[in-house]
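A structural walkthrough
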Amino acid sequence: MIVLKLGGSAITDKDRAETLDGEALESASDAIATALEASAEPGNPNLVIVHGGGSFGHANASDHGVTTTEGSHDIDAVHDIHGAMKTLNGFVLSRLIERDVPAVPVHPFSTASRDQSGRLELPTGQVETMVSEGFVPVLHGDLVSHAERGVTVVSGDELVAELARALEADRVGLCSTVPGVLDDDDVVIERITTLEGVADVLGESESTDVTGGMAAKVAALLDLDAEATIFGLDELEAFLAGERPGTTVY
Ligand SMILES: Nc1ncnc2c1ncn2[C@@H]1O[C@H](COP(=O)(O)OP(=O)(O)OP(=O)(O)O)[C@@H](O)[C@H]1O
Ligand SMILES: C=C(C)CCOP(=O)(O)O
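Residues numbered from 1 in each chain as written. Chains lettered and ligands numbered in written order. Predicted model: local features only at pLDDT ≥ 70, side-chain atom pairs only at ≥ 80, totals over all residues.

This part covers the overall build of the protein chain. Counting its secondary structure elements, the protein chain contains eight helices and twelve strands. A compact globule built from 250 residues should have a C-alpha radius of gyration of about 18 Å, and the protein chain, at 17 Å, falls within 12% of that. Referenced to the eigenvectors of the C-alpha coordinate spread, the extents of the protein chain come out at roughly 50 × 45 × 35 Å. Considering only contacts within the protein chain whose residues lie at least 6 apart along the sequence, 72% involve residues at least 24 apart. (Helix = DSSP H or I, 4+ residues; strand = E, 2+ residues; numbered from the N terminus. Rg over C-alpha atoms; globule rule 2.2 N^0.38 Å. Contact = placed C-beta atoms within 7 Å.)

Following this line, the structure appears as structure tokens:
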């Protein structure tokens, strides 16, 4: 079982509102289709995809002052932010389906929630059944209802971590716009086992991002039992073929 995140910054133009990076999304979809065709059991993909927001969702959330902890009850904000993420989800699904990947949508806003302490409750029974029936569920960073705060943002990274745990994923991959976690000299760090030592180089995203950039990503991955890999789009095919490009977080 592989849980793969397509980073929003990898598949969109993060500096132009609600704009796809069409070429990047096509190339990611090609890599996924090729990997499924080449797998020993093409009818049984055993793959769950989550995508982030990039230029969809983050700017909308920021405009409405909504983050993973700051909530809102404004119905227009809800539809604006969730709507942007559903639009991107539609683009991702259509590129995958064009390539015969049996992709199906799962909108976390319809199923997940947070309690007062912010703990995420993400039901995964439907995702498990989709996978066992040969589909590829495609989730996305989204809003979730949050006890006493209205709605807050859930990042794709948080969803990846929850799914990896619940589905006992063998491998977790985060495909981003960078070739891995970079050190002070912009060299890819091969392995991260603790936050100590790397905390200084982990920063926010360069673009509008309400969910914390690389620092939040590494922290979420360190909590997992499964080995996780952060790599760039050029390495997606290699990752899906079983290699460990970029940075391994374990
Ligand atoms: N040490 C670091 N190494 C690599 N990237 C870093 C580092 N510190 C900060 N970053 C930033 O983190 C960004 C990747 O995080 P970001 O959250 O944008 O990725 P994503 O998951 O692809 O996108 P999204 O959150 O929209 O889904 C990089 O583009 C870079 O700007
Ligand atoms: C901003 C929203 C709504 C989702 C963000 O998901 P992410 O890009 O995975 O952090």
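In space, the four strands of this open sheet follow the order β5-β4-β7-β8, with mixed pairing throughout. If you trace the sheet from one side to the other, it starts and ends with β5 (120-121) and β8 (150-154), each paired once. Lying over the sheet, helix α4 (residues 75-98) contacts β7 (142-146) and β8, oriented at roughly 140° with respect to β7. (Pairing = 2+ DSSP bridges. Axes fitted to C-alpha atoms, helices over the stretch in contact; angles between N-to-C directions.)

For the rest of this paragraph, the subject is the pairing of β8. Counted residue by residue, β8 has four buried out of five residues, so it is predominantly covered. The loop that links β7 with its antiparallel partner β8 comprises three residues; one of these, Glu-148, has a positive phi angle of about 70°. (Buried ≥ 20, exposed ≤ 12 C-beta atoms within 10 Å, placed from the backbone.)

With that settled, consider the site of ligand 1. Near ligand 1 you find 22 residues, and of these Gly-7, Gly-8, Gly-52, Gly-203 and Ser-205 are the closest. Contributions of two or more residues to the shell around ligand 1 are made by α1 (8-11) and α7 (213-222). Broken down by element, the shell around ligand 1 gets its largest block of residues, three residues, from α1. Classifying every residue of the shell around ligand 1 by side-chain character gives seven nonpolar, 13 polar and two charged. (Near = placed C-beta within 6 Å. Nonpolar A, V, L, I, M, F, W, Y, C, P; charged D, E, K, R; others polar.)

Let's shift gears to the UniProt feature "binding site: substrate" (unreviewed entry) in the protein chain. Using the residue numbers shown here, the UniProt feature "binding site: substrate" (unreviewed entry) corresponds to Gly-53, His-58 and Gly-156. Taken together, the annotated residues stretch across 104 residues yet fold into one region, lying no more than 11.8 Å apart by C-alpha. Relative to the assigned elements, Gly-53 resides in the loop between β2 (47-51) and α3 (58-63). Residue classification places Gly-53 among the buried positions, given that 30 C-beta atoms sit within 10 Å. In this structure Gly-53 touches Gly-8, His-58, Met-85, Leu-88 and Gly-141, once residues within four positions along its chain are discounted. With respect to the helices, strands and loops of the structure, His-58 is situated in helix α3. Beyond its immediate chain neighbours, meaning those up to four positions away, His-58 contacts Gly-53, Thr-208, Asp-209 and Val-210. (UniProt positions renumbered as here; feature names shortened; annotations may be inferred.)

Strand order across the open sheet formed by eight strands is β3-β6-β2-β1-β9-β11-β12-β10, with mixed pairing between neighbours. The two strands at the open ends of the sheet, each matched to only one other strand, are β3 (103-105) and β10 (191-192). Helix-sheet contacts for α4 involve β1 (2-6), β2, β3 and β6 (136-140), and the interaxial angle to β6 is about 155°.

Bringing the UniProt feature "binding site: ATP" (unreviewed entry) in the protein chain into the picture now. According to UniProt, the positions carrying the feature "binding site: ATP" (unreviewed entry) are Lys-5, Leu-6, Gly-7, Gly-8, Ser-9, Gly-54, Gly-213 and Lys-217. Spanning 213 residues, the annotated positions come together in the fold, the maximum distance between their C-alpha atoms being 14.3 Å. Inspection of the secondary structure assignment puts Lys-5 in strand β1. In this structure, Lys-5 is in contact with Val-50, His-51, Gly-52, Gly-156, Asp-157, Val-160, Leu-174 and Cys-175, ignoring residues within four places of it in sequence. Looking at the element boundaries, Lys-217 is found in helix α7. Assessed through the 28 C-beta atoms surrounding it within 10 Å, Lys-217 is described here as buried. Every residue in contact with Lys-217, bar those within four places of it in the chain, is listed here: Asp-157, Leu-174 and Ile-230.

In this section: the site of ligand 2. In the vicinity of ligand 2, 17 residues are found, and the nearest of them are Gly-52, Gly-141, Ser-155, Gly-156 and Thr-211. Elements represented by at least two residues in the shell around ligand 2 include exactly α3, α4, β7 and α6 (156-166). Each residue belonging to the shell around ligand 2 can be placed in one class, and the counts come to six nonpolar, nine polar and two charged.

Moving on, we get to the packing of helix α2 (residues 22-38) against α4. Across the interface, α2 lies against α4 with an axial gap of 9 Å and an inter-helix angle of 45°. In terms of axis orientation, α2 runs oblique to α4. Seen from above, α2 lies across α4 with right-handed handedness. On the side of α2, the interface is formed by Leu-25, Glu-26, Ser-29 and Ile-32, while α4 contributes Phe-91, Val-92, Arg-95 and Leu-96. (Parallel < 35°, antiparallel > 145°, perpendicular 65-115°, else oblique. Left-handed = near helix turned anticlockwise from the far one by under 90°.)

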